[in-house]
Amino acid sequence: MSDQLERYLDFRFGEEVHRRDFLRLGLTTAGMLALAACGGDNGAGTTSDNSAAGPDFKVGMVVPQSKTYAALGQSLHDGFLLYLDKVGGKAGGRKIVVMQGDEEDNLPAAQKATQALVEQQNVDMICGYVASPIADALCTQYLAPQKIPTLVMNAGVNALSRAHKSPYVYRTSFTNWQPTHPMGDYLNNQGVKKITLAYAKYGAGIETAASFKETFKGQIVAEVATDWPSTVDFSSAISKISAAGADVYSFYSGQDAINFFKQAKQVGLFDKIKFYGSGFAVEQDVLQAIPDAVPVGAVTGLHWAYGLDVKENNDFKTAFQKKYNRQADVFAVQGYDTAHVVVDALNAVKGKLDKGSPDPFMQAIAAVTFKSPRGDFKFDSNSHNPDQSIYVRELKKTSSGLVNTVLQTVPHVVDPGQ
Ligand code: BEZ
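Residues numbered from 1 in each chain as written. Predicted model: local features only at pLDDT ≥ 70, side-chain atom pairs only at ≥ 80, totals over all residues. Heavy atoms only, no water.

### Comments concerning the pairing of strand β7 (residues 125-128)
No. 1: In β7, alternate side chains face the same way, and those of M125 and C127 on one face and I126 and G128 on the other are all buried.
No. 2: Judged from the four bridges that link them, strand β4 (residues 57-63) and β7 form a sheet pairing that is parallel. By the bridge assignment, M61 is partnered in β7 with C127.
No. 3: The pairing of β7 with strand β8 (residues 150-152) spans three bridges and is classified as parallel. Within the sheet, the bridge partner assigned to C127 lies in β8 and is L151.
No. 4: Note on the crossover from β7 through helix α3 (residues 132-143) to β8: the handedness is right-handed. (Buried < 20%, exposed > 50% of the residue type's maximum accessible area, 1.4 Å probe, protein only. Helix = DSSP H or I, 4+ residues; strand = E, 2+ residues; numbered from the N terminus. Pairing = 2+ DSSP bridges. Right-handed = clockwise from strand over helix to strand, strands pointing away.)

### Re the site of the ligand
No. 1: Close to the ligand lie 15 residues, the nearest being V130, A131, S132, G156 and Y202.
No. 2: Measuring from an oxygen atom of the ligand, one finds a backbone N or O atom of V130 at 3.3 Å.
No. 3: In this structure, an oxygen atom belonging to the ligand sits 2.6 Å away from a side-chain N or O atom of Y202.
No. 4: Computed on the free molecule, the ligand has an accessible area of 260 Å², of which 100% lies beneath the protein chains in the complex.
No. 5: For the ligand, the cavity whose grid points lie within 2 Å of the majority of its atoms is the largest cavity.
No. 6: Residue composition of the shell around the ligand, grouped by class: 10 nonpolar, five polar and no charged. (Near = heavy atom within 4 Å. Polar contact = N/O pair within 3.5 Å; in protein donor to acceptor, adjacent residues only side chain to side chain. Areas by Shrake-Rupley, 256 points an atom, 1.4 Å probe, with all protein chains shown as cover. 1 Å grid on protein atoms, 1.4 Å probe; cavity = no way out; pocket = protein on both sides within 12 Å on 5 of 7 lines; lining within 4 Å. Sits in = over half its atoms within 2 Å of the grid points. Nonpolar A, V, L, I, M, F, W, Y, C, P; charged D, E, K, R; others polar.)

### As for the nonpolar core
No. 1: Grouped together as the largest cluster of nonpolar side chains are 125 residues, with contacts concentrated most on F80, F261 and I365.
No. 2: Ranked by residues supplied to this core, first place goes to helix α11 (residues 330-348) with 11 residues. (Core = buried A, V, L, I, M, F, W, Y, C linked by side-chain atoms within 4.5 Å.)

### Describing empty space enclosed by the protein
No. 1: Counted under the stated rule, the structure contains one cavity of 30 Å³ or more.
No. 2: Approximately 90 Å³ is the volume found for the largest cavity.
No. 3: The wall of the largest cavity is formed by 15 residues, among which V130, N154, F174, Y202 and F251 lie closest to the centre.
No. 4: Looking at the lining of the largest cavity residue by residue, the classes come out as 10 nonpolar, five polar and no charged. (Points joined across faces, edges and corners; volume = space filled by probe spheres on them.)

### With respect to unusual backbone geometry
No. 1: Between W228 and the following residue, P229, the backbone shows a cis peptide bond with an omega angle of 5°.
No. 2: Although it is not a glycine, H412 adopts a positive phi angle of roughly 50°.
No. 3: Here H412 shows up in strand β19 (residues 401-413).

### Remarks on the packing of aromatic side chains
No. 1: All told, the structure shown has 25 aromatic pairs when counted by the stated rule.
No. 2: With a centroid separation of 4.9 Å and an interplanar angle of 45°, the aromatic rings of F174 and F280 are classed as tilted. Here the residue F174 occupies a position in the loop between β9 (169-171) and α4 (181-189), and F280 occupies one in the loop between β13 (275-278) and α9 (284-289), the gap between them amounting to 106 residues.
No. 3: For F280, a relative accessible area of 3% puts it in the buried group.
No. 4: Taken together through their ring pairs, the aromatic side chains of Y69, F174, Y202, W228, F251, F280 and F331 make up a single cluster.
No. 5: Above the face of the Y306 ring, K317 is positioned so that its terminal group lies 4.3 Å from the ring centre. (Phe/Tyr/Trp six-rings, centres within 6.5 Å; stacked < 30°, edge-to-face > 60°. Lys NZ or Arg CZ within 6 Å of the ring centre and 35° of its normal.)

### Brief notes about the pattern of salt bridges
No. 1: Evaluation of the coordinates by the stated rule reveals 14 salt bridges.
No. 2: A salt bridge links K352 to D354, with the nearest nitrogen and oxygen atoms 3.1 Å apart.
No. 3: Note on D354: relative accessible area 39%, which makes it partly exposed.
No. 4: Between K371 and D376 there is a salt bridge whose closest N-O contact spans 2.8 Å.
No. 5: The exposed category is assigned to K371, whose relative accessible area is 52%.
No. 6: D376 sits in the exposed class, given a relative accessible area of 54%.
No. 7: Counted as one network, the salt bridges with shared partners bring together R94, D124 and K355. (Salt bridge = Lys/Arg side-chain N within 4 Å of Asp/Glu carboxyl O.)

Okay, here's the thing in structure tokens:
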């Protein structure tokens, strides 16, 4: 990579925003980071246009920079910039500029950040959102009604692919239904008869548990749901899981997973029972933070695996490690793929996106296909969400550290879309 420039600009806001009615929250002060990525080699083999003649294409990125899911937000952002490096930071004749706002882990903060980007920075599109309820509220009540092109980079809330689907909102990640649905069958085939469900008690955890119940034929002996995002002390949940005595199927991610595993390790919980779940709990953000406390042998479902041995994944992991000096995780893949979608769509419309008439750009987004680190990437036209493989992964200790290795690939796991 050559000639890469990253400009860091701090904006401060001191005014109230009155133009939008949504929730009537005033914008006070928000720290925002704008990153402009430009220059560089195009090693991607794509058809990107490197002559940035048009105005900057402004991507507003709202992901957590603090709180429970801060590490996820960092990886989404880093993966996005890594892909921009590959295409010299430009597409469709426009330089792509990323302007960031902090989702934190609550709607008012995410709303302020989104409004600042839309109403003050006049961004061309929004990419972001990690937490299900935040994505659902902002997409359906604020972004879609204004026809602001939006790519959800993580949040899995099923409704965005079902009742709350919009032509202006696509998702590059997953629905909460997806990683777990094949796991019930996997456990049935392994002869697992009893499970305790343990999860963060909000959209993502609740929808994960519901998806599991659709396919698991055994008995749910206990359901342990912890408040989100307030739970720091998991001791009472751990006591209940221990008392139930069954293996666990779970949804935790980020700092929640770290706190949960650290406290479970103190009582040797996963020496006695096996850990299953959607794979976020044992992604590299967690493995690198607490390598000695994670349940080696965990079997989880996810749309990516560190150990997935395909060229695109191996190249991606190497480039990510080189740039950021840490291992990539699924969130970095989602950020990388989101930038890929933006770049290909912008190239397809030759950089043209008229505010208020985004249909050609959205159609270009819907048509994007490519080989991703996760496997073939394409949107399912019904759910506006990837039609993708789910990997059943086992967490193994290898000579190169902790790796989720692929036990089984379930192809074309497509959200029902209704
Ligand atoms: C969600 O809220 O949708 C979510 C958060 C973290 C990881 C996966 C899903």
